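Survey of secondary and tertiary structure
Read off the chains here:
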Amino acid sequence: MGIMEIIGIAGSVSLLSGWRLYLSILATGIAMRAGVVPLPEHLESLSVLANPWVMGIAAFAALCEFFADKVMWLDSIWDTVHTFIRPVGGALLALAIIDPSDPATQVVAFILGGGASFFAHGGKASARAVVNTSPEPVSNVAVSTVEDVATVGLLYLAYEHPIAAGVIALVLLALVVALLLWARRVIKRIFLRVPKVERPSGP
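Note that the structure is a prediction, hence the values are computed from the model and not measured. (Residues numbered from 1 in each chain as written. Predicted model: local features only at pLDDT ≥ 70, side-chain atom pairs only at ≥ 80, totals over all residues. Heavy atoms only, no water.)

Section: the overall build of the protein chain
Selection rule: Segments assigned H or I by DSSP are reported as helices when at least four residues long, segments assigned E as strands when at least two residues long, and all are numbered from the N terminus. Only protein chains enter the accessibility calculation, which uses a 1.4 Å probe. A residue is then buried if its area is under 20% of the maximum for its type, exposed if over 50%, and partly exposed in between. Contact criterion: two residues are considered in contact whenever any of their non-hydrogen atoms come within 4.5 Å of each other. Each accessible area value is a Shrake-Rupley result obtained with a 1.4 Å probe; residue values ignore everything except the protein chains displayed when judging cover.
When you go through the protein chain residue by residue, the secondary structure sums to 8 helices and 0 strands. Counting from the amino terminus, helix and strand elements in the protein chain follow one another as α-α-α-α-α-α-α-α. The buried share of the protein chain, taken over its 203 residues, is 42%. A separation threshold of at least 6 residues defines the contact pool for the protein chain, and within that pool the share at least 24 residues apart is 76%. As displayed, the protein chain has an accessible area near 11,200 Å², and 76% of this comes from carbon and sulfur atoms.

Pasting the structure below:
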């Protein structure tokens, strides 16, 4: 496995952790135990994710996130709580993927992995805050379900086809940028619609 494929996998996993950290951990562990993701020796450090205890805790947390993410405004509270958790988790996953024999590369992976996860988290949280302004709950559930399916599918694709992992990371990065720009435009329109309160003139 070449350095570009490894960087691509690390980037994809970090970005997806910004959406669904616990699902990323659980899906990777399940894929490893089922033999869907045959890891080379270089990525043996990820085998801890297939530990039953780790998978059990990740499954419970993923289940809580699954329901919390589909309730209007509760999802935004959940995102706020995970503002620091997801970046750290993404950074640790990236750290586990990079070659442990190169400390300098691992430091870079930890910093970039945390940054990518925080960036993806920001795009997700901003977009969901905008979706929550809709009076009906269907759009919230639909967006959340798409995120669930996309996370599992993209994780499988990243590990099963390492060459495509770099492309996946770039696509995810572009999607996050698009979400941030879209959320910024919508929020700007909302504030422009708010009428200004005029102060009464003095005597």
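Details of the environment of Leu112
With respect to the helices and strands, the residue Leu112 is situated in helix α6 (residues 103-131). By relative accessible area, which is 57% here, Leu112 ends up exposed. Sequence separation of Leu112 and Ala94 is 18 residues, and the distance between their C-alpha atoms is 8.4 Å.

Quick look at the side chain of Thr151
Tracing the sequence through the fold places Thr151 in helix α7 (residues 138-160). Here Thr151 falls in the buried class, since its relative accessible area comes to 0%. Setting aside anything within four residues of it in sequence, one finds Thr151 in contact with Leu16, Trp19, Arg20, Leu23 and Ser24.

Quick notes on the pattern of salt bridges
Short version of the rule: Between Lys or Arg on one side and Asp or Glu on the other, a salt bridge is scored when a side-chain nitrogen of the former is within 4 Å of a carboxyl oxygen of the latter.
Applying the stated criterion across every chain yields a total of 11 salt bridges. For the salt bridge of Lys70 with Asp148, the shortest nitrogen-to-oxygen distance reads 2.7 Å. A residue pair is termed long-range when its members are at least 10 positions apart, and Lys70 in the loop between α3 (52-68) and α4 (74-81) and Asp148 in helix α7 qualify at 78 residues. Salt bridges sharing common partners tie together Arg20, Glu65, Asp69, Lys70, Asp75, Asp79, Arg86, Lys124, Arg128, Glu147 and Asp148.

So, the side chain of Asp69
Using the following cut-off: By the criterion applied in these results, polar contacts are pairs of N or O atoms within 3.5 Å in which, for protein atoms, one can donate a hydrogen and the other can accept it, and in which residues neighboring in sequence qualify only through two side-chain atoms.
Mapped onto the secondary structure, Asp69 falls in the loop between α3 and α4. Residue Asp69 is classed as buried on the basis of its relative accessible area of 0%. Within the structure, the side chain of Asp69 is placed 2.7 Å from the side chain of Ser144, a separation counted as a polar contact. Look past the residues within four positions of Asp69 in its chain and what remains in contact with it is Arg20, Asp75, Asp79, Lys124, Arg128, Asn140, Ser144 and Glu147.

Here we look at the packing of aromatic side chains
Note the threshold: Stacked, tilted and edge-to-face are the three classes applied to pairs of Phe, Tyr and Trp rings, where Trp contributes its six-membered ring and a pair requires centres within 6.5 Å; stacked means planes under 30 degrees apart, edge-to-face means over 60, and tilted covers the rest. Each ring is checked for a lysine NZ or an arginine CZ that lies within 6 Å of its centre and within 35 degrees of its normal; such an atom marks a charge sitting over the ring.
The tally for this structure, following the rule as stated, stands at 1 aromatic pair. When the ring centre of Phe66 is taken as reference, the NZ or CZ atom of Lys70 above it lies at 3.7 Å.

Some words on α7
As a reminder, the rule being used: Expected span, for any helix, means 1.5 Å times one less than how many residues it has.
Here α7 is 23 residues long and its end C-alpha atoms lie 33 Å apart, about the 33 Å a rise of 1.5 Å per residue gives. Among the residues of α7, Asn140, Ser144, Glu147, Asp148, Thr151, Leu155, Ala158 and Tyr159 are the ones counted as buried.

Observations concerning the nonpolar core
Applicable threshold: Throughout, nonpolar core names a set of buried Ala, Val, Leu, Ile, Met, Phe, Trp, Tyr and Cys residues whose side chains join them through atoms within 4.5 Å.
Formed by 35 residues in total, the largest nonpolar core has its most connected members in Val13 and Ile97. At the level of elements, α1 (3-17), α2 (21-33), α3, α5 (85-97), α6, α7 and α8 (162-193) are the ones that each hand at least two residues to this core.

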